Amino acid sequence: MNRSFQLLQYALVGISALALCFALFCWNEARKEVVYLCGNFTSGVTHKSVMKQLATANYLDVTLTNTEYGARIISDSAVSLRMYRCNIDLDTDGEVITASVSGWF
């Protein structure tokens, strides 16, 4: 019985290690989506283009809010524990003013 308990412990450690590796892989993929997509949004890019590119992401959550100068699009991911965020500011014509990534680097 002691041997079967030891095998169970090894199996649990192995499964836990695999689960941790999978979680870290997904976390990194979500982080890369935020960082790399945000780099595509330079001054003058249209709102339609921004939304089209953000729609290609697998892990992103996108929030659009109206502001006094136009609008702000915030994209982040629950998978990366919302540690990284892309803030995209649009003018009243629907073109990007600024896009920046904030988070833990």
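You'll find the structure just up there.
Scoring rules and cut-offs
Residues numbered from 1 in each chain as written. Predicted model: local features only at pLDDT ≥ 70, side-chain atom pairs only at ≥ 80, totals over all residues. Heavy atoms only, no water. Helix = DSSP H or I, 4+ residues; strand = E, 2+ residues; numbered from the N terminus. Rg over C-alpha atoms; globule rule 2.2 N^0.38 Å. Buried < 20%, exposed > 50% of the residue type's maximum accessible area, 1.4 Å probe, protein only. Areas by Shrake-Rupley, 256 points an atom, 1.4 Å probe, with all protein chains shown as cover. Lys, Arg positive; Asp, Glu negative; His and termini not counted. Charge placed at Lys NZ, Arg CZ, Asp CG, Glu CD. Patch = residues over 30% accessible without salt bridge, like charges linked within 9 Å, V, L, I, M, F, W, Y side chains within 5 Å. Salt bridge = Lys/Arg side-chain N within 4 Å of Asp/Glu carboxyl O. Pairing = 2+ DSSP bridges. Disulfide = S-S within 2.5 Å. Expected span 1.5 Å × (residues − 1). Contact = heavy atoms within 4.5 Å.

Peer 1: I would appreciate a short explanation of the overall build of the protein chain in the present structure.
Peer 2: Along the backbone of the protein chain there are two helices and four strands. Counting from the amino terminus, helix and strand elements in the protein chain follow one another as α-α-β-β-β-β. Relative to the globule expectation of 13 Å for 105 residues, the C-alpha radius of gyration of the protein chain, 20 Å, shows a markedly less compact shape. Structurally, the protein chain occupies a C-alpha span of about 70 × 20 × 20 Å along its principal axes. Across the 105 residues in the protein chain, those meeting the buried criterion constitute 28%. Of the accessible surface of the protein chain, which amounts to about 7000 Å², a share of 61% is contributed by carbon and sulfur atoms. One finds the centroid of the 8 positive side-chain charges in the protein chain at a distance of 13 Å from the centroid of its 9 negative side-chain charges.

Peer 1: What's the story with a nonpolar patch on the surface in this structure? I'm lost.
Peer 2: A cluster of nonpolar side chains, namely Phe5, Leu8 and Leu12, defines an oily patch on the protein surface of about 310 Å² accessible area. In this structure, Leu8 sits in helix H1 (residues 2-38).

Peer 1: Mind showing me how you'd approach the pattern of salt bridges here?
Peer 2: Scanning all chains against the criterion turns up five salt bridges. For Arg82, the salt bridge goes to Asp61, with nearest N and O atoms at 3.0 Å. Here Arg82 is found in the loop between strand S2 (70-76) and strand S3 (84-90), whereas its partner Asp61 is found in strand S1 (residues 61-67), with 21 residues between them in sequence. Salt bridges here are not isolated pairs; linked through shared partners, they connect Asp61, Asp76, Arg82 and Arg85.

Peer 1: Teacher, can you tell me more about the pairing of S3 here?
Peer 2: Side-chain direction in a regular strand flips from residue to residue, so the side chains alternate between the two faces of the sheet. The buried fraction of S3 amounts to six of the seven residues, a majority that puts the element mostly inside the structure. Inspection of the sheet shows S2 paired to S3 by six bridges, in the antiparallel sense. Its bridge partner lying in S3, Ala71 is registered against Leu90. As paired elements, S3 and strand S4 (residues 96-103) share seven bridges and run antiparallel to each other. Residue pairing across strands places Asn87 opposite Ser100, the latter belonging to S4. The turn joining S3 and S4, which pair antiparallel and follow one another in sequence, is formed by five residues; a positive phi near 85° is taken by Gly94.

Peer 1: What's the story with the state of the cysteines in this structure? I'm lost.
Peer 2: Working definition of a disulfide: a covalent bond connecting the sulfur atoms of two cysteines. Counted by the stated rule, this structure contains one disulfide. Between the sulfur atoms of Cys38 and its disulfide partner Cys86 the distance amounts to 2.1 Å. Since a negative S-S torsion denotes a left-handed disulfide, the Cys38-Cys86 link at about 75° is right-handed. Linking Cys38 in helix H1 with Cys86 in strand S3, this pair joins segments that are 48 residues apart in sequence.

Peer 1: Even after reading the chapter, I still don't get H1, so can you show me in this structure?
Peer 2: Quick reminder: α-helices carry 3.6 residues per turn. Residues three or four places apart thus point the same way. With 37 residues, H1 ought to run about 54 Å at 1.5 Å a step, and its terminal C-alpha atoms sit 54 Å apart, in line with that. Buried within H1 are the following residues: Cys26, Ala30, Glu33, Val34, Leu37 and Cys38. Looking at the buried side of H1, the elements it contacts are helix H2 (47-54), S2, S3 and S4.

Any link to function would need more than the numbers given here.
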